[in-house]
Amino acid sequence: MTAAVKVAQIRAPAAMRAAVLEARAAGRRVGFVPTMGALHEGHASLVERAAAECDDVVVSIFVNPTQFGPTEDFARYPRTLAADAALLEPRGARWIFVPEPADMYPPGAATRVVVDGPARPFEGEIRPGHFAGVATVVCRLFHCVPADVAYFGAKDWQQTLVVKRMVCDLGLPIEITVCPTVREADGLAMSSRNAYLGVDERQRAVALHEGLCAAERLWQSGADVAAVELAIRQPLEARGIAIDYAAVVAAETLEPLPVAGAEPPAIALVAGRLGSTRLIDNRLLPPRSRTR
Ligand code: AMP
């Protein structure tokens, strides 16, 4: 029986990079899970997948200031490093990379990675600059953690497209694996931001999941996009959730579905606000024979 190995915390980018390069030089496959901390079972599922597929796993915890807008929740975002380390201990992580903002962004930092295409609609419209912050920090993190493969959650579907686009366009030498969304018992997608919800808001939040389930049923019955989008909206409206968007689009491009011809893989996307808390969710829709 092997004793559980304590997860080592590394702060300095150069030390982190050296540790990963040394492991890879020794023939070890290294997996990387970037996070902002306040870890839950959704994050843990990425770490477990990485541990199953790799010899060593790095989890970064960094609340990235550049992906928050000026009126967003950067200051109050939960920071729970001790609990995060305890959660990671039995899940197979070897290193936690915990840089400070000054380690990631040198004084006078003036470079941003701006992705167009899949970064443009939905979150890109509602949160200007958000995906530039995400792409910039992920690019920087990939430099600090030169792993074989990085793991991202389908929960943030648009983010996975933006990261894949950047990796392809910049020729970054890393594979991207997208893992399924982990949910609470009632279907609410796990999120660090769920901690902001009051008791009543938490009960109403399940409407996002309900809308997506209704969308999938209608989709499979052959309904058109407008009807499916209405089905997403209805439970949110019934529970007083302000809707940022509720849409069915092509899953790989986020562009509108073609009105005729073969139907590409589709996804239902939803974002809503309960008080000051903003939640997003999505569901890949099964292929169907076109009836429209
Ligand atoms: P975050 O800490 O919110 O930046 O998330 C870090 C990573 O965990 C991202 O790739 C997220 O998509 C992923 N993630 C967050 N919530 C979930 C979830 N409920 N299920 C699976 N992955 C998730």
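Predicted, not measured: the structure shown is a model, and the values here were computed from it. (Residues numbered from 1 in each chain as written. Predicted model: local features only at pLDDT ≥ 70, side-chain atom pairs only at ≥ 80, totals over all residues. Heavy atoms only, no water.)

Description of the site of the ligand
At step 1: Close to the ligand lie 17 residues, the nearest being His43, Gly153, Asp156, Val182 and Met190.
At step 2: At a separation of 2.9 Å, an oxygen atom of the ligand approaches a polar backbone atom of methionine 36.
At step 3: One nitrogen or oxygen atom from the side chain of histidine 43 is found 2.9 Å from an oxygen atom belonging to the ligand.
At step 4: Here the ligand, which alone exposes 490 Å², has 92% of that area covered by the protein.
At step 5: Listing elements by their share of the shell around the ligand, those giving two or more residues are strand S2 (30–35), helix H2 (41–53) and strand S5 (149–153).
At step 6: With three residues, H2 is the largest single contributor of residues to the shell around the ligand.
At step 7: Of the residues assigned to the shell around the ligand, the class counts are eight nonpolar, seven polar and two charged. (Near = heavy atom within 4 Å. Polar contact = N/O pair within 3.5 Å; in protein donor to acceptor, adjacent residues only side chain to side chain. Areas by Shrake-Rupley, 256 points an atom, 1.4 Å probe, with all protein chains shown as cover. Helix = DSSP H or I, 4+ residues; strand = E, 2+ residues; numbered from the N terminus. Nonpolar A, V, L, I, M, F, W, Y, C, P; charged D, E, K, R; others polar.)

Examining the domain arrangement of the protein chain
At step 1: By the assigned domains, the protein chain splits into domain 1 (8–179) and domain 2 (192–284).
At step 2: Computed over C-alpha atoms only, the centres of domain 1 and domain 2 are separated by 26 Å.
At step 3: Counting from both sides, the interface comprises 22 residues of domain 1 and, opposite them, 20 residues of domain 2.
At step 4: At the boundary of domain 1 with domain 2, total buried surface from both sides reaches about 1,800 Å², with 55% on carbon and sulfur atoms.
At step 5: Per-residue buried area on domain 1 facing domain 2 is highest for Arg76, Phe122 and Trp157; these three make up 38% of the total on that side.
At step 6: Put simply, domain 1 and domain 2 have two salt bridges between them.
At step 7: The residue arginine 193 makes a salt bridge to aspartate 73 at a minimum N-O spacing of 2.8 Å.
At step 8: Linking domain 1 with domain 2 are 11 residue pairs in polar contact (both at pLDDT 80 or more), by the criterion used here.
At step 9: Secondary-structure elements contributing two or more residues to the side of domain 1 that touches domain 2 are helix H5 (123–126) and helix H7 (157–170). (Domains from an automatic or database assignment. Contact = heavy atoms within 4.5 Å. Buried area = accessible area lost by both parts, 1.4 Å probe. Salt bridge = Lys/Arg side-chain N within 4 Å of Asp/Glu carboxyl O.)

What to know about the environment of alanine 268
At step 1: Of note, alanine 268 is situated in strand S8 (residues 266–274).
At step 2: Under the relative-accessibility criterion, alanine 268 is labelled buried at 0%.
At step 3: For the pair alanine 268 and proline 65, spaced 203 residues apart in sequence, the C-alpha to C-alpha distance is 29 Å.
At step 4: Those residues within four positions of alanine 268 in sequence are excluded, and the remaining contacts are Leu212, Ile232, Ala247, Val248, Asp281, Asn282, Arg283 and Leu285. (Buried < 20%, exposed > 50% of the residue type's maximum accessible area, 1.4 Å probe, protein only.)

Section: the nonpolar core
At step 1: Met16, Val58, Phe142 and Val145 are the most contacted members of the largest nonpolar core, which totals 33 residues.
At step 2: Secondary-structure elements contributing two or more residues to this core are helix H1 (13–25), S2, strand S4 (95–97), helix H6 (130–144), S5 and H7.
At step 3: With eight residues, the single largest contributor to this core is H6.
At step 4: The residues touching phenylalanine 142, leaving out its near neighbours within four places in the chain, are Phe32, Ala150, Phe152, Val163, Val167, Leu172, Ile174 and Ile176. (Core = buried A, V, L, I, M, F, W, Y, C linked by side-chain atoms within 4.5 Å.)

Here we look at the sheet that holds strand S3 (residues 56–61)
At step 1: Spatial ordering of the open sheet is given by S1-S4-S3-S2-S5-S6, a layout of six strands whose pairing is parallel. A single partner strand is all that each edge strand has here, and the edge strands are strand S1 (8–10) and strand S6 (175–179). Each strand axis lies, on average, 25° off the axis of its neighbour in the sheet, ignoring direction.
At step 2: Pairing of S5 with S6, which is carried by five bridges, proceeds in the parallel orientation. When the bridges of S6 are listed, glycine 153 appears paired with cysteine 179.
At step 3: The strands touched by H2 within the sheet are S2, S3, S5 and S6, with S5 carrying the most contacts at an inclination of about 150°.
At step 4: Packed onto the sheet, helix H3 (residues 81–88) meets S1, S3 and S4 and runs at close to 165° relative to S3. (Pairing = 2+ DSSP bridges. Axes fitted to C-alpha atoms, helices over the stretch in contact; angles between N-to-C directions.)

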